Amino acid sequence: MSGKCRCRTQSWYIVLISFLLWFTLFYLYSSSITFSKKGDSFLGNNHKGFVDSSESFHDVAREETGDSTDVKDINIGDNLEEANNEIEKEQKPIKFFVGGAKHIDQVWRLDKDLEADNQTVAEENETESVETISGKENDDELSNQSVNIRDEDKPIDPSSMEEKRKEEVAKQKGTENVSKLKREENAEDQPVDSFPIIKSRRERAKRPRRRNRNKPVDSSPVMEKRIENVVVERRRQNVVRAESDSSSCSGRYIYIHNLPRKFNQDLLDNCRSLSFWTDMCECASNLGLGAPLPSNEKLYSRTGWFATDQFLLEVIFHNRMKQYKCLTKDPSVASAIYIPYYAGLDVGRYLWDPDGFMRDYDAVTLVKWLAARPEWKKMWGRDHFLVAGRINWDFRRDHKNESDWGNELLNFSESRNMTMLVIESSPWNNNDFAIPYPTYFHPSRDDDVFQWQNRMRRQKRRFLFSFAGARRPNLHESIRNEIIDQCLASRRKCRFLECDKSQKCHKPVFLMQLFQSSVFCLQPPGDSYTRRSIFDSILAGCIPVFFHPGSAYVQYIWHFPKDYTKYSVLIPANDVKSGNANIERILQRIPREKRVAMREEIIKLIPKVIYADPSSRLGTIEDAFDLTVKGVLDRVEAVRNQMRDGKEVNSEFDEEESWKYFTFGKLGVHEWDPFFSSKLGKLGT
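Residue indices begin from 1 for each chain and proceed along its sequence in written order. In keeping with the model being predicted, local features are shown solely for residues with a pLDDT of at least 70 and side-chain atom pairs are shown and tallied solely at 80 or more, while totals for entire chains, interfaces and linings include all residues. For side-chain calculations, the full set of non-hydrogen atoms in the structure is used, while hydrogens and water are omitted.

**Comments concerning the overall build of the chain**
Inference 1: Going along the chain from the N terminus, every DSSP run of H or I of four or more residues is numbered as a helix, and every run of E of two or more is numbered as a strand. The helix and strand tally for the chain stands at 25 helices and 10 strands.
Inference 2: Between buried and exposed lies partly exposed: a residue is buried under 20% and exposed over 50% of the maximum accessible area for its type, with that area taken using a 1.4 Å probe on protein chains only. By the burial criterion, 44% of the 685 residues in the chain qualify as buried.
Inference 3: Two residues qualify as a contact provided that any one of their heavy atoms is within 4.5 Å of a heavy atom in the partner residue. Within the chain, counting contacts between residues at least 6 apart in sequence, those at least 24 apart form 74% of the total.
Inference 4: Of the accessible surface of the chain, which amounts to about 37,900 Å², a share of 51% is contributed by carbon and sulfur atoms. Here the open area of atoms and residues is found with the Shrake-Rupley method and a 1.4 Å probe, where only the protein chains shown may cover a residue.

The following block contains the structure:
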């Protein structure tokens, strides 16, 4: 009996001891997990490699015990984004009881506090002008989920929790993308002038905070995108050219004929065939102005100076006409019609060709083309005008002599109805008018002109008079030999620039240096009545001395004053030829006060004889182009009135007295009649 009892007693002892050992081990293990939360776990600190850094204690507990229901070491500092990332890394599911809901609630509150802080920082930022609103539904769902976790007392299925979190992450991303796209579209459609309104700090403080907002990190790309779009829209705004005022353009509208390319652009494209001696490709560059002159502040101003060829006026004028502020595309409302035909460049190719057919071919084709146009029939071409950049004699060949110089452009019946603009007109014809030769100066601003005028007023002039040219030994009527002899005899009073083989007369630096150092500049006729040197000397503030009224007074009636004595000196060529006129004595007898007044008149003429840069537009100054257009419009209007009244155009005077009528507006005996008593030919006197 006693033995039996002893066996049973021993068995209970064994069971008790085993239970105590198991309980001790379990207690020690539980204590180690509790200590690990405070960083004092002997397993974590003393047994390296026992718990891998990439594993959690949940996994270790699950492997050791097969259950993790009593494990409560949830890190409350985990962010929702980190939890989502852990889910996407497919970590093993975790079970936890409602006891862990407190930590989840803390996580939710912490996240809300972070959002509130971010909202405060964003609203206090002075430069924030665009608000980005987060998906409201996602935050509401997370909030409802936290409430459900606090109210339920049953564990959550890990698989369902994982699926829900993945769905929430997908929805949140989708909502953010849709919101971002909508805001980018709104930013692109936003008009330029409707910039975001930035409220003051006080006004923002009164505005209720929005609980459902994305973090600033998420909203900044959208805000930058919208601001970037607004800036780009402002940069795309083009400078709009001011449209012509209908009232200011009344009676001034001009229509430009759209000619076939063969009459203008093709000539420039084949510029190497325009001349045998001159590189016309370089001359035609820069809209016809030529190559810029090298910097020389002693002679030129800083900008606006070009090596302009004297025969490129028609190209310059065409490019200036493109900038004319009263252009119209409707020929029915136009007061005048411009023909952009480069007549001078065209005929210049064949001037030395004995066959007159090629010289006339394009000119004949042009007038036929014009006569077939409906615009022509309105006034039979009397409202048309054309610029030919050569002297009139290059377009008035005798129709009886085909081998004679030039072509017959100005002799055609159609051309006689038009207003023909040339650099030298015929005093005995009524359909061509002279406009200034192009100079080397083409300013782009009014200030450029004013500064140059003031500079010429202060210019010191060492010589009383000067002359640039060459002798004409084969021309008996020419007075150049006498002029050169008198200049050389005057020693220090006159300076002579000989146009010999060195071609100094074709280099602006020598010409401008000569004219700027002289009080008077001699301008005798050359191969014809006029010469470019007239306008180069005026540009330099030098008073011109003429020897024939056909050199200027009856030519540039739209640009020069009628009283020629205010700005020039006239010495009859016959007096010089006969030796009855001493140029030095005549000029010295002019009082100093008179010289100063004449020079001031010349300086005032500078804007009227220059052509501004076609790539720009002057402000208040009227240059040679403006005065030419005004003269054309006045002439066309006068012809229109004559036609309206049933009168024959230009029937009130004999054509050979055109110089007298256009210059003085009246006929009768005049002191200049001996100068124009007979046609002296193409070479002048």
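**A look at the pattern of salt bridges**
Inference 1: Salt bridges, as used here, are contacts in which a Lys or Arg side-chain nitrogen is within 4 Å of a carboxyl oxygen on Asp or Glu. Per the stated rule, a full pass over the model turns up 24 salt bridges.
Inference 2: The residue Lys 262 makes a salt bridge to Asp 362 at a minimum N-O spacing of 3.5 Å. Here Lys 262, found in the loop between strand E1 (254-256) and helix H10 (265-269), pairs with Asp 362, found in helix H14 (residues 356-371); they are 100 residues apart in sequence, far enough to count as distant.
Inference 3: A salt bridge links Glu 637 to Arg 640; the shortest N-O distance between them is 2.9 Å. In this pair, Glu 637 and Arg 640 are both assigned in helix H24 (residues 624-644), three residues apart and thus about one turn of the helix distant.
Inference 4: Assessed through its relative accessible area of 34%, Glu 637 is described here as partly exposed.
Inference 5: With a relative accessible area of 16%, Arg 640 lands in the buried category.
Inference 6: Taken together, the salt bridges that share partners define one network made up of Lys 262, Asp 346, Arg 349 and Asp 362.

**Digging into the packing of aromatic side chains**
Inference 1: Classification of ring pairs uses Phe, Tyr and Trp, with its six-membered ring standing for Trp, and accepts pairs whose centres are within 6.5 Å; under 30 degrees between planes counts as stacked, over 60 as edge-to-face, and the remaining range as tilted. Applying the stated criterion across every chain, the model contains 30 aromatic pairs.
Inference 2: Ring centres 6.3 Å apart and planes at 25° place the aromatic pair Phe 19 and Phe 23 in the stacked group. One end of the pair is Phe 19 and the other is Phe 23, both in helix H1 (residues 2-36) and four residues apart, which spans about a single turn.
Inference 3: The interplanar angle of 50° and the centroid separation of 5.5 Å between the aromatic rings of Phe 664 and Trp 672 together place this pair among those described as tilted.

**Notes on H14**
Inference 1: With 16 residues, H14 should cover 22 Å at 1.5 Å per step; its first-to-last C-alpha distance of 23 Å lies within 8% of that length.
Inference 2: Throughout, the bend at a residue refers to the angle made by two axes, fitted to the seven residues ending there and to the seven starting there. Along H14, the sharpest change in direction is near 25° and occurs at Asp 362.
Inference 3: Here H14 has its buried residues at Gly 356, Arg 359, Asp 360, Asp 362, Ala 363, Leu 366, Val 367 and Leu 370.
Inference 4: Of the surrounding secondary structure, the elements contacted by the buried residues of H14 are strand E2 (336-339), helix H13 (343-348), helix H15 (376-379), strand E3 (384-387) and helix H16 (413-417). Take the residue count of a helix, subtract one, and multiply by 1.5 Å to get its expected span.

**Quick word on the sheet that holds E3**
Inference 1: In this description, strands pair whenever DSSP reports at least two bridges between them. Overall, parallel pairing links the five strands, which are arranged E1-E2-E3-E4-E5 in an open sheet. Across the chains shown, the open sheet's two edge strands, defined by having one partner strand only, are E1 and strand E5 (432-434). Direction aside, the axes of adjacent strands within the sheet are offset by 30° on average.
Inference 2: Pairing between E3 and strand E4 (residues 419-422): three bridges, direction parallel. The residue bridging Phe 385 from the neighbouring strand is Thr 419, located in E4. Axis definition: a line fitted to C-alpha atoms, limited for helices to the stretch in contact. Angles are taken between N-to-C directions and run from 0 to 180 degrees.

**Looking at the sheet that holds strand E7 (residues 494-498)**
Inference 1: The strand order across the open sheet formed by five strands is E7-E6-E8-E9-E10, and the pairing between neighbours is parallel. Of all strands in the sheet, those bounded by a partner on one side alone are E7 and strand E10 (569-570).
Inference 2: Across four bridges, strand E8 (residues 518-523) lies against strand E9 (residues 543-546) in parallel orientation. The residue bridging Leu 522 from the neighbouring strand is Val 545, located in E9.

**Digging into the state of the cysteines**
Inference 1: Cysteine sulfur atoms that pair up within 2.5 Å are treated as a disulfide. Applying the stated criterion across every chain, the model contains five disulfides.
Inference 2: Put simply, Cys 271 and Cys 281 are joined by a disulfide, and their sulfur atoms are 1.8 Å apart. Note on the Cys 271 and Cys 281 pair: the S-S dihedral is about 90°, so by sign convention the disulfide is right-handed. Remark: Cys 281 occurs in helix H11 (residues 280-283) and Cys 271 occurs in the loop between H10 and H11; sequence separation between them is 10 residues.
Inference 3: Look at Cys 271 and you get buried, because its relative accessible area is 11%.
Inference 4: A sulfur-sulfur distance of 1.9 Å marks the disulfide that ties Cys 487 to Cys 494. Given an S-S torsion of about -95°, the disulfide between Cys 487 and Cys 494 has left-handed geometry. When sorted by exposure, Cys 487 lands in the same class as Cys 494, which is buried.

**Considering the environment of Ile 337**
Inference 1: As for its placement among the helices and strands, Ile 337 is situated in strand E2.
Inference 2: For Ile 337, a relative accessible area of 1% gives the class buried.
Inference 3: For the pair formed by Ile 337 and His 257, sequence separation is 80 residues and the distance between their alpha carbons is 7.0 Å.

**Thoughts on unusual backbone geometry**
Trans is the common state for peptide bonds, and a negative phi is the common state for residues other than glycine.
Inference 1: The phi dihedral of Trp 380 falls on the positive side, at around 55°, and the residue is not glycine.
Inference 2: The topology assignment puts Trp 380 in the loop between H15 and E3.
Inference 3: In this model, Arg 491 sits at a positive phi of 55°, which is unusual for a non-glycine residue.
Inference 4: With respect to the helices and strands, the residue Arg 491 is situated in the loop between helix H18 (480-489) and E7.

**A few points about a nonpolar patch on the surface**
Inference 1: Only residues whose relative accessible area exceeds 30% and that form no salt bridge are eligible for patches; like-charged ones are grouped when within 9 Å, while nonpolar side chains (Val, Leu, Ile, Met, Phe, Trp, Tyr) are grouped when within 5 Å. Among the surface-exposed residues, Leu 16, Phe 19, Leu 20, Trp 22, Phe 23, Leu 25, Phe 26, Tyr 27 and Leu 28 lie close enough to one another that they form a single nonpolar patch of about 990 Å² accessible area.
Inference 2: Here Trp 22 lies in helix H1.

**Digging into the confidence of the model for the chain**
Inference 1: On a range of 0 to 100, pLDDT expresses the predictor's confidence in each residue. Taken residue by residue, the chain gives an average pLDDT of 75. The fraction at 70 or more is 65%.
Inference 2: Per-element confidence in the chain is highest for E9, whose mean pLDDT is 98, and lowest for helix H9 (residues 216-235), whose mean pLDDT is 34.
Inference 3: Predicted confidence is poor over residues 120-160, with pLDDT under 50, and the contacts of this stretch with residues over four places away or in other chains come to 74 contacts.
Inference 4: Contacts of residues 681-685 to residues separated by more than four positions or lying in other chains number 19 contacts, the stretch itself having pLDDT below 50.

**Observations regarding the packing of helix H12 (residues 313-321) against H24**
Inference 1: At a minimum axis separation of 11 Å, H12 and H24 run at an interaxial angle of 80°. Taken together, the axes of H12 and H24 are roughly perpendicular relative to one another. Contacts between H12 and H24 involve Phe 317, Arg 320 and Met 321 on the former and, on the latter, Phe 625, Asp 626, Thr 628 and Val 629. Throughout, the term roughly parallel applies to angles under 35 degrees, roughly antiparallel to angles over 145, roughly perpendicular to angles from 65 to 115, and oblique to all others.

**Let's talk about a positive patch on the surface**
Inference 1: We score Asp and Glu as negative and Lys and Arg as positive, and we do not count His or the chain ends. Working definition for charges: the position is that of NZ of Lys, CZ of Arg, CG of Asp or CD of Glu. Residues Arg 462, Arg 495, Lys 504 and Lys 507 make up a contiguous surface patch of positive charge.
Inference 2: On the secondary structure map, Lys 504 appears in the loop between E7 and helix H19 (508-516).

**Structural notes on the side chain of Gln 523**
Inference 1: On the secondary structure map, Gln 523 appears in strand E8.
Inference 2: When its relative accessible area of 0% is taken as the criterion, Gln 523 is described as buried.
Inference 3: Polar contact is defined as a pair of N or O atoms within 3.5 Å, subject to the rule that within protein one atom must be able to donate a hydrogen and the other to accept it, and that residues adjacent in sequence are counted only when both atoms are side-chain atoms. There is a polar contact of 2.9 Å between the side chain of Gln 523 and the side chain of Arg 531.
Inference 4: At 3.2 Å, the side chain of Gln 523 and the side chain of Ser 533 are in polar contact.
Inference 5: Contact partners of Gln 523, with chain neighbours within four places excluded, come to Arg 531, Ser 533, Ile 534, Ser 537, Pro 544, Val 545, Phe 546, Phe 547 and Ser 551.

**Let's talk about the packing of helix H17 (residues 446-458) against helix H23 (residues 592-605)**
Inference 1: One way to put it is that H17 packs onto H23 with a least axis distance of 10 Å and a crossing angle of 160°. One element, H17, and the other, H23, form an angle in the roughly antiparallel class. You can see that H17 and H23 cross each other, and the crossing is right-handed. Contacts between H17 and H23 involve Gln 453, Met 456 and Arg 457 from the first element and Glu 600, Ile 603 and Lys 604 from the second.
Inference 2: Classes in brief: Ala, Val, Leu, Ile, Met, Phe, Trp, Tyr, Cys and Pro nonpolar; Asp, Glu, Lys and Arg charged; the others, Gly included, polar. Partitioning the contact of H17 with H23 into residue classes produces two nonpolar, one polar and three charged. What makes a crossing left-handed is the near helix being turned counterclockwise from the far one by less than a right angle; a clockwise turn instead makes it right-handed.

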